[in-house]
Amino acid sequence: MKPVYIDFQEHGDWRGQLVALEENKNIPFAVKRVYFMYDTKEGVVRGKHAHRQLQQILFCVAGACTISLDDGKEKIAVRLEQPYRGLLIGPGIWREMYDFTPGAVLMVLASEYYDESDYIRDYDVFLDSIGEEK
Ligand code: T46
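Keep in mind it's a predicted model, so treat the numbers as computed, not measured.

Caption draft 1: View of the site of the ligand. The environment of the ligand is made up of 13 residues, and the closest members are R33, R46, H51, Q56 and Y119. The separation between an oxygen atom of the ligand and a polar side-chain atom of R46 is 2.7 Å. Y119 has a polar side-chain atom sitting 2.5 Å from an oxygen atom of the ligand. Breaking the shell around the ligand down by element, the ones donating at least two residues are β2 (33-37), β3 (46-51) and β8 (94-98). If you tally residues by element for the shell around the ligand, the top one is β3, at four residues.

Caption draft 2: A look at the nonpolar core. By size, the foremost hydrophobic cluster in this structure holds 17 residues, and its most contacted members are L58, I67, L87 and L106. Those elements that provide at least two residues to this core are β4 (56-62), β5 (65-70), β6 (75-80), β7 (85-89) and β9 (105-110). Not counting residues within four places of it along the chain, the set of residues in contact with L106 comprises Y35, F36, M37, L58, F59, C60, C65, I67, L80, M97 and F100. By size, the runner-up hydrophobic cluster in this structure holds seven residues, among which are F29, F59, M107 and L109.

Caption draft 3: Region of the structure containing the sheet that holds strand β10 (residues 119-120). Pairing within the open sheet is antiparallel, and its five strands lie in the order β6-β5-β8-β3-β10. Taken across any chain shown, the strands that pair with only one partner, and hence form the sheet edges, are β6 and β10.

Caption draft 4: A look at the side chain of T66. Position of T66 relative to the elements: it lies in strand β5. Classification of T66 by relative accessible area gives buried; the value is 10%. Looking at T66, its side chain comes within polar contact range of the side chain of R79, at 2.7 Å. Those residues within four positions of T66 in sequence are excluded, and the remaining contacts are A77, V78, R79, E96, M97, Y98 and D99.

Caption draft 5: Expanded view of the pairing of β9. Burial runs high along β9: five of the six residues are buried. Summarising the sheet, β4 and β9 pair through six bridges and their orientation is antiparallel. Paired with F59 across the strands is M107, a residue of β9.

Cut-off values and rules
- Residues numbered from 1 in each chain as written.
- Predicted model: local features only at pLDDT ≥ 70, side-chain atom pairs only at ≥ 80, totals over all residues.
- Heavy atoms only, no water.
- Near = heavy atom within 4 Å.
- Polar contact = N/O pair within 3.5 Å; in protein donor to acceptor, adjacent residues only side chain to side chain.
- Helix = DSSP H or I, 4+ residues; strand = E, 2+ residues; numbered from the N terminus.
- Core = buried A, V, L, I, M, F, W, Y, C linked by side-chain atoms within 4.5 Å.
- Buried < 20%, exposed > 50% of the residue type's maximum accessible area, 1.4 Å probe, protein only.
- Contact = heavy atoms within 4.5 Å.
- Pairing = 2+ DSSP bridges.

This is the structure we're talking about:
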């Protein structure tokens, strides 16, 4: 499994950097929801679930954090630390987020409104859903 990154154009000048996100243009879906997490405590692991339908792009717009991705066959971990870099995560991927630096902000663009029924929060149910052996 390889992470799917989207490196967005930086519009930089002597004042600093700016990145623009546009649905169905440089974001490959219509954005129905944006959320972000911050003030994440040391040692915390967030996520620990998969989605049935949802597509998301994760950006660490400040600081850094690590995202692990597990498709039931293979598990990889990537460090998000550039604000212009998005990590695209589709359905059927168990994800965990950890090792947040102090002050890190993880922002997420999502293709659907919040819907708890789209979550798979039990790892065995996740493996069943993708037909993998436990
Ligand atoms: C994901 C990873 C990357 C809402 O009310 N609306 C929302 O849009 C979201 C995302 C969450 N919530 C509520 C549900 C929980 O009571 O906020 C609380 C924390 O959510 P959760 O424990 O699901 O957060 P994370 O950080 O474990 O996971 C989140 C997303 O939920 C998830 O879709 O892929 O970030």
